[in-house]
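# Structural description and commentary
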Amino acid sequence: MSGLEVIVEADGGSRGNPGPAGFGAVVYAADHSTVLAERNEGIGNATNNVAEYRGLIAGLSAAAELGASVVDVRMDSKLVVEQMSGRWKIKHPAMIPLAEEARALADGFTRVTYTWIPRAENAHADKLANEAMDAAAEGAVATTTPAWSHATGAPTRLLLLRHGQTELSVDRRYSGRGNPPLTDIGRTQADRAAKRLAARGGIDAVVSSPLGRARETAAAAAAALGLSVTVLDGLTETDFGEWEGLTFREAAERDPEVHRRWLGDTSVRPPGGESFDAVRARVDAVRQQLTTDFAGSNVLVVSHVTPIKTLLQLALNAGPSLLFRLHLDLASLSIAEFYPDGGASVRLVNDTSYLDD
């Protein structure tokens, strides 16, 4: 950590409790004189407590992106402050996964403190939350970009969920166009991810790869969200051709020269398969389709390692080495945003906190 100390002020609310809900969060420098980042979002129908926890999570996420090591959280929610301080038990099932996510973020800092403040002293976050609730009530998505970003307009937010475990993933075998079903563990992972996404709320659509392991994972989430699943062929996994079902070592021993070149050149295809360049082209076409059809909305995208890495690569404008250096766990969640003016940002990578017992 860099040693940066920040103040996070967060708030959330609901018009109806439950009703159209939203949150706001602002990150200040330690002297409270400079705003370093702002976040707000309408999250659909939710309770005040859910919205307040979502504000806390957004504030901690922003602080982490800034590289902070010491965070002073200040909120006017006595419930969240006392629960996160460990003095009050968390009993409501909708609060448990949110508190776990907040704690997982907090564990990444050297020190986090929680302080209750009067609503009047939380005016900035309260204003952001009310703007988000206004947008939620109108059926829109409100979001404020980080202070250092020049992106404008409401982004299309893609929540990128990798499918759950299969027998091939247990043995770390190349699993492309084959169609292994989820294992019992994989179905449990899909259910836990679905519960986390339902608690989060604010998701407008669910799209999935056509392969069974992704569709089964997507179906669990869609059921929890009360949505249907749209299948997009462009989200399917890489075609590994003759390497399908082989381990890394087995593929390297079978085709040593091709495998060596494939690891360093995204234009190289496995024998009978598909290059990563070809995957990028079709995944980028899906990205353009989603940002057009669901402009300014939150879309759950259920897919596989390579397509999800590619969408993160596109958001980061990163080189091809990201495909080989970025690790994504089974049933992990990442978030990428794409703005109308061409800007983009990555909000989250490889979150698996909701999979823990």
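The shown structure was predicted, so the numbers you read here are calculated from the model rather than taken from an experiment.

Right, let's get into the overall build of the protein. Check the secondary structure of the protein and you find twelve helices and eleven strands. For 357 residues, the compact-globule estimate of 2.2 N^0.38 gives 21 Å, and the C-alpha radius of gyration of the protein, at 21 Å, lies within 12% of that figure. Across the 357 residues that make up the protein, the buried fraction comes to 55%. A separation threshold of at least 6 residues defines the contact pool for the protein, and within that pool the share at least 24 residues apart is 70%. Taken as a whole, the protein presents about 14800 Å² of accessible surface, with 50% of it coming from carbon and sulfur. Placing the 35 positive and 45 negative side-chain charges of the protein at their respective mean positions leaves the two points 3 Å apart.

Our focus in this paragraph is the sheet that holds strand E11 (residues 344-351). Pairing is mixed in the open sheet, where six strands are placed in the order E8-E7-E9-E6-E10-E11. The strands lining the two open edges of the sheet, one partner per strand, are strand E8 (229-231) and E11. Averaged over all pairs of adjacent strands, the angle between their axes in this sheet comes to 20 degrees, without regard to strand direction. For strand E6 (residues 156-162) and strand E9 (residues 298-303), the ladder comprises six bridges, and the chain directions are parallel. Paired with Leu161 across the bridge in E9 is Val302. Contacts from helix H10 (residues 276-293) reach E6, strand E7 (205-208), E9 and strand E10 (333-338), with the element oriented near 130 degrees to E6.

This brings us to the side chain of Thr266. Looking at the element boundaries, Thr266 is found in the loop between helix H9 (256-262) and H10. Here Asp277 takes part through its side chain, which lies 2.7 Å from a polar atom of the side chain of Thr266. Those residues within four positions of Thr266 in sequence are excluded, and the remaining contacts are Ser275, Phe276, Asp277, Pro320, Leu323 and Phe324.

So, about the packing of helix H1 (residues 48-65) against helix H3 (residues 95-106). Closest axis-to-axis distance for the H1/H3 pair is 9 Å, and the angle between their directions is 15 degrees. As judged from the angle between their axes, H1 and H3 are roughly parallel. By crossing handedness, the relation of H1 to H3 is classed as left-handed. Contacts between H1 and H3 involve Asn49, Val50, Tyr53, Arg54, Leu56, Ile57, Leu60 and Ser61 from the first element and Met95, Leu98, Ala99, Glu101, Ala102, Leu105 and Ala106 from the second.

Let's shift gears to the pattern of salt bridges. Inspection of every chain in the model, using the stated rule, returns 24 salt bridges. Taking the shortest distance from any N to any O, the salt bridge between Asp72 and Arg74 comes out at 2.8 Å. Take Asp72: its relative accessible area is 17%, and that puts it in the buried class. Between Arg254 and Asp255 there is a salt bridge, and its shortest N-O distance comes to 2.4 Å. Salt bridges here are not isolated pairs; linked through shared partners, they connect Glu41, Arg54, Arg157, Glu337 and Arg347.

Attention now moves to a nonpolar patch on the surface. The grouping of Phe248, Leu263 and Phe324 at the surface amounts to a nonpolar patch, some 260 Å² of accessible area in total. The topology assignment puts Phe248 in helix H8 (residues 248-254). By relative accessible area, Phe248 is classed as partly exposed at 45%.

We now examine the packing of helix H6 (residues 184-200) against helix H7 (residues 212-225). For any two helices packed against each other, the geometry is given by the interaxial angle and the distance between the axes. Relative to each other, H6 and H7 sit at 35 degrees, their axes nearing to 8 Å. Helix-helix and strand crossings are classified by hand; for H6 and H7 the assignment is right-handed. Across the interface between the two elements, Arg187, Ala190, Asp191, Ala194, Leu197 and Ala198 of H6 pack against Glu216, Thr217, Ala220, Ala221, Ala224 and Leu225 of H7. Looking at the contact of H6 with H7 residue by residue, the classes come out as eight nonpolar, one polar and three charged.

We now examine the environment of Leu161. Mapped onto the elements, Leu161 comes out in strand E6. For Leu161, a relative accessible area of 1% corresponds to the buried category. In this structure the C-alpha to C-alpha distance between Leu161 and Ser332, which are 171 residues apart in sequence, comes to 5.8 Å. With near-sequence residues (within four places) excluded, Leu161 lies in contact with Ala193, Leu197, Thr217, Leu300, Val301, Val302, Ser303, Ile308, Ala331, Ser332, Leu333 and Tyr354.

Looking now at the nonpolar core. Soluble, globular proteins show a tendency: their nonpolar side chains are buried together. Among the nonpolar cores identified, the biggest contains 35 residues, and Tyr53, Leu56, Leu60, Val71, Val73, Met84 and Tyr114 are the most heavily contacted of them. When contributions to this core are tallied by element, the ones reaching two or more residues are strand E1 (4-14), strand E2 (19-29), strand E3 (35-46), H1, strand E4 (68-75), helix H2 (78-84), H3 and strand E5 (111-116). Element by element, the count of residues in this core is highest for H1, at nine residues. With 23 residues, the next largest nonpolar core counts Leu158, Leu232, Val279 and Val301 among its residues.

Counting across every chain of the model gives seven aromatic pairs. Residues Trp243 and Trp262 carry aromatic rings whose centres are separated by 5.1 Å and whose planes lie at 80 degrees to one another, so their mutual orientation is edge-to-face. Of this pair, Trp243 sits in the loop between E8 and H8 while Trp262 sits in helix H9, placing them 19 residues apart in sequence. As far as burial versus exposure is concerned, Trp243 and Trp262 are alike and both buried. Through a chain of ring-to-ring contacts, three or more aromatic side chains come together here, namely Tyr174, Phe240, Trp243, Trp262, Phe276 and Phe324. It is Arg287 that lies over the ring of Phe338; its NZ or CZ is 5.3 Å from the centre.

Thresholds, definitions, all that
- Residues numbered from 1 in each chain as written.
- Predicted model: local features only at pLDDT ≥ 70, side-chain atom pairs only at ≥ 80, totals over all residues.
- Heavy atoms only, no water.
- Helix = DSSP H or I, 4+ residues; strand = E, 2+ residues; numbered from the N terminus.
- Rg over C-alpha atoms; globule rule 2.2 N^0.38 Å.
- Buried < 20%, exposed > 50% of the residue type's maximum accessible area, 1.4 Å probe, protein only.
- Contact = heavy atoms within 4.5 Å.
- Areas by Shrake-Rupley, 256 points an atom, 1.4 Å probe, with all protein chains shown as cover.
- Lys, Arg positive; Asp, Glu negative; His and termini not counted.
- Charge placed at Lys NZ, Arg CZ, Asp CG, Glu CD.
- Pairing = 2+ DSSP bridges.
- Axes fitted to C-alpha atoms, helices over the stretch in contact; angles between N-to-C directions.
- Polar contact = N/O pair within 3.5 Å; in protein donor to acceptor, adjacent residues only side chain to side chain.
- Parallel < 35°, antiparallel > 145°, perpendicular 65-115°, else oblique.
- Left-handed = near helix turned anticlockwise from the far one by under 90°.
- Salt bridge = Lys/Arg side-chain N within 4 Å of Asp/Glu carboxyl O.
- Patch = residues over 30% accessible without salt bridge, like charges linked within 9 Å, V, L, I, M, F, W, Y side chains within 5 Å.
- Nonpolar A, V, L, I, M, F, W, Y, C, P; charged D, E, K, R; others polar.
- Core = buried A, V, L, I, M, F, W, Y, C linked by side-chain atoms within 4.5 Å.
- Phe/Tyr/Trp six-rings, centres within 6.5 Å; stacked < 30°, edge-to-face > 60°.
- Lys NZ or Arg CZ within 6 Å of the ring centre and 35° of its normal.

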